[in-house]
Every structure is written in C-alpha cells, then in structure tokens.
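Listed here are the chains, written in short residue letters.
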Amino acid sequence: NAGVTQTPKFQVLKTGQSMTLQCAQDMNHNSMYWYRQDPGMGLRLIYYSASEGTTDKGEVPNGYNVSRLNKREFSLRLESAAPSQTSVYFCASSPGAGTGVSSPLHFGNGTRLTVT
Amino acid sequence: QQPVQSPQAVILREGEDAVINCSSSKALYSVHWYRQKHGEAPVFLMILLKGGEQKGHEKISASFNEKKQQSSLYLTASQLSYSGTYFCGTGGIGNEKLTFGTGTRLTIIP
C-alpha cells in the first residue's frame with residue numbers, strides 16, 4: 001500500500017524555468033492538498049482540492065497552479081520559478097471532502113526544490 | 001492566523017514527561033497533531049474535534065479546551081522514538097482551512 005506518492009524527490013531549477021510536481025494517492029481519498037515547508041514557518045497551504053473536479057487557493061497560491069486530474073492525482077505547476085519558491089513541497093490527502101479540518105491528513109515524502 | 005506553539009524546543013531524558021501547547025486567536029472546530037522526523041513527512045497522531053474530548057494514543061494523549069482556544073499534547077514516559085518536531089494544525093469554525101503552527105522540536109536523550 002503506497003499511500004501518497006510524490007515525484008520527483010529532488011529538483012534543481014534555474015530562475016524562470018517551469019516544472020510540474022506530481023502527486024498520486026491510492027487510498028480513494030476525496031481531498032488533496034499541496035503544502036510548502038520552510039524553516040521556521042511550519043506548513044503553509046498552497047492549493048487544495050476538496051473533491052474531484054474542484055480546486056481552491058490556500059494561504060500562499062501566488063506563482064503556482066494546480067490540476068486535479070482525477071480522484072487519484074493532483075499536480076502542482078510552477079510556471080516561472082523564482083528563488084523564493086525554494087522549499088520542501090508536501091502533497092497530502094484526506095478521506096473527508098472539504099478543507100481538511102475534520103479528517104486526518106496523509107502526507108507524501110516531499111519534493112525538495114531548489115531554485116537558483 | 002497561525003496558531004502559536006510553546007515551547008519552541010525542549011530536551012528531555014528518556015522516561016520524562018512533556019507537554020506541548022497550541023493556542024489560537026480564533027474559535028476552533030478542530031485541532032490536529034502531527035510528528036515529523038528530520039527529512040521525513042509529517043505523520044498524523046490524533047485529531048480533536050469541538051466537544052473537548054481527550055484523545056489517547058499509547059503514551060501520547062491530547063486535550064482540547066474550546067473556551068480557551070487551546071490544545072495540549074502530553075507525552076508520558078518519553079521514549080527515544082518520540083524525538084522529532086511536533087506540529088499542531090487548527091481548523092476554524094465556518095469551513096476555514098487547516099492552519100499549522102511553526103512546530104516544537106522535541107529531543108529525547110538516553
């Protein structure tokens with residue numbers, strides 16, 4: 001049982017390049033989330049998908065786009081990477097349908113992104 | 001508004017007890033607790049919903065005081081495996097999104 005799988009694990013980009021972070025879950029969860037984690041800042045929500053077919057902004061959405069491809073997959077795209085987007089990115093899923101306040105979050109192992 | 005966790009860091013000897021606090025400035029519907037080991041993903045510990053029920057998980061338990069908008073995580077007779085950073089996440093009333101604190105780093109030494 002894989003849970004939440006993120007690819008790639010590591011990535012180095014130059015300023016202005018684009019890339020897509022992939023996330024897939026095999027738990028038949030309704031909601032999926034993208035967080036970024038920076039030292040001393042905790043986890044901050046970028047975007048979430050409360051159910052298949054819907055997406056919504058979190059706390060720090062600027063510079064990102066998302067796609068809920070189907071119930072299993074939720075991707076995060078950086079169109080023009082900036083050094084401020086250097087971070088560890090976590091995808092998470094939850095069985096509940098909503099903003100994630102009432103069901104546990106299951107996290108993937110993260111993508112460590114460096115933008116130079 | 002981000003919840004405030006205290007202390008920011010604590011060092012304990014194996015077998016000692018610890019309390020980690022999480023305070024919010026807004027009315028809460030839920031509080032989540034997660035543990036993250038260095039270089040790994042956060043792992044769910046427990047969730048407390050509006051109603052004040054205390055939850056337990058082996059030697060780790062938590063309480064939720066709705067009136068004070070606070071939650072506390074209790075670690076009893078700590079083990080080396082308890083080391084890591086503990087995050088609380090708070091969910092407000094009215095479909096607000098889950099917001100995480102900045103974490104409490106717990107180090108258990110033999």
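Along each chain, the written sequence defines residue order, and numbers are assigned to residues from 1. In the order they appear in the text, chains get letters beginning with A and ligands get numbers beginning with 1. Predicted model: local features are reported for residues with pLDDT of at least 70 only, side-chain atom pairs are reported and counted for 80 or more only, and whole-chain, interface and lining totals are derived from all residues. For side-chain calculations, the full set of non-hydrogen atoms in the structure is used, while hydrogens and water are omitted.

Asks: Would you mind going over the interface of chain A and chain B with me for this structure?
Replies: Accessible area lost when the parts come together is the quantity often used to give the size of an interface. Two residues qualify as a contact provided that any one of their heavy atoms is within 4.5 Å of a heavy atom in the partner residue. Listed by partner, the interface residues are 23 residues for chain A and 23 residues for chain B. Buried area: the accessible surface (1.4 Å probe) lost by two parts on joining, summed over both. For the chain A and chain B pair, buried surface summed over both sides reaches about 1700 Å², with 62% attributable to carbon and sulfur atoms. Any Lys or Arg side-chain nitrogen found within 4 Å of a carboxyl oxygen on Asp or Glu counts as a salt bridge. For the interface between chain A and chain B, the tally reads 0 salt bridges. Pairs of N or O atoms are called polar contacts if they sit within 3.5 Å, as long as, within protein, a hydrogen donor faces a hydrogen acceptor (for residues adjacent in sequence, only side-chain-to-side-chain pairs). Connecting chain A to chain B are 4 residue pairs in polar contact (both at pLDDT 80 or more). Each helix is a run of H or I in the DSSP string that is no shorter than four residues. Each strand is a run of E no shorter than two, and both are numbered from the N terminus. Counting residues per element, the side of chain A that touches chain B draws most heavily on strand 5 (residues 42–49) of chain A, which supplies 4 residues. Here the side of chain A that touches chain B is built from residues that sort into 10 nonpolar, 10 polar and 3 charged. Charged residues are taken to be Asp, Glu, Lys and Arg, nonpolar residues to be Ala, Val, Leu, Ile, Met, Phe, Trp, Tyr, Cys and Pro, and polar residues to be all remaining types, Gly included.

Asks: How should the pattern of salt bridges be read in this particular structure?
Replies: Residues and elements named next belong to chain A. Counted by the stated rule, this structure contains 4 salt bridges over all chains. Of the charged contacts in the structure, one is a salt bridge between R77 and E79, with a shortest N-O distance of 3.2 Å. Burial status follows relative accessibility: with a 1.4 Å probe on protein chains alone, a residue under 20% of its type maximum counts as buried, one over 50% as exposed, and anything between as partly exposed. Take R77: its relative accessible area is 29%, and that puts it in the partly exposed class. According to the relative accessible area criterion, E79 is partly exposed, its value standing at 43%. Beyond isolated ion pairs, a larger network of salt bridges with shared partners links R36, D38 and R44.

Asks: Quick question: what am I supposed to make of the side chain of T111 of chain A here?
Replies: Residue and element names in this part refer to chain A. Relative to the elements of secondary structure, T111 occurs in strand 11 (residues 111–115). The class of T111 is buried, set by a relative accessible area of 0%. Among the polar contacts listed, one links the side chain of T111 to the backbone oxygen of P8, at a separation of 2.6 Å. Contacts of T111, omitting those with residues within four sequence positions, involve Q6, T7, P8, K9, L21, S87, V88 and Y89.

Asks: Teacher, can you tell me more about the environment of G51 of chain B here?
Replies: Residues and elements named next belong to chain B. Checked against the element boundaries, G51 lands in the loop between strand 5 (43–49) and strand 6 (55–57). Note on G51: relative accessible area 58%, which makes it exposed. For the pair G51 and I20, spaced 31 residues apart in sequence, the C-alpha to C-alpha distance is 20 Å.

Asks: Quick question: what am I supposed to make of the sheet that holds strand 7 (residues 64–68) of chain A here?
Replies: The strands making up a sheet are joined through hydrogen bonds of the backbone, oriented either antiparallel or parallel. Residues and elements named next belong to chain A. DSSP calls a pair of strands paired once it identifies at least 2 bridges connecting them. Spatial ordering of the open sheet is given by 1-3-8-7, a layout of 4 strands whose pairing is antiparallel. Lying at the two open borders of the sheet, with one neighbouring strand each, are strand 1 (4–7) and strand 7. Mean inter-strand twist for the sheet, computed between neighbouring axes without regard to direction, equals 15°. The pairing of strand 7 with strand 8 (residues 74–78) spans 5 bridges and is classified as antiparallel. The residue of strand 8 that forms the bridge with N65 is R77. For helices, the fitted line uses only the C-alpha atoms of the stretch in contact; every axis is such a line through C-alpha atoms, and the angle between N-to-C directions lies from 0 to 180 degrees.

Function-wise, these values are silent; they only describe arrangement.
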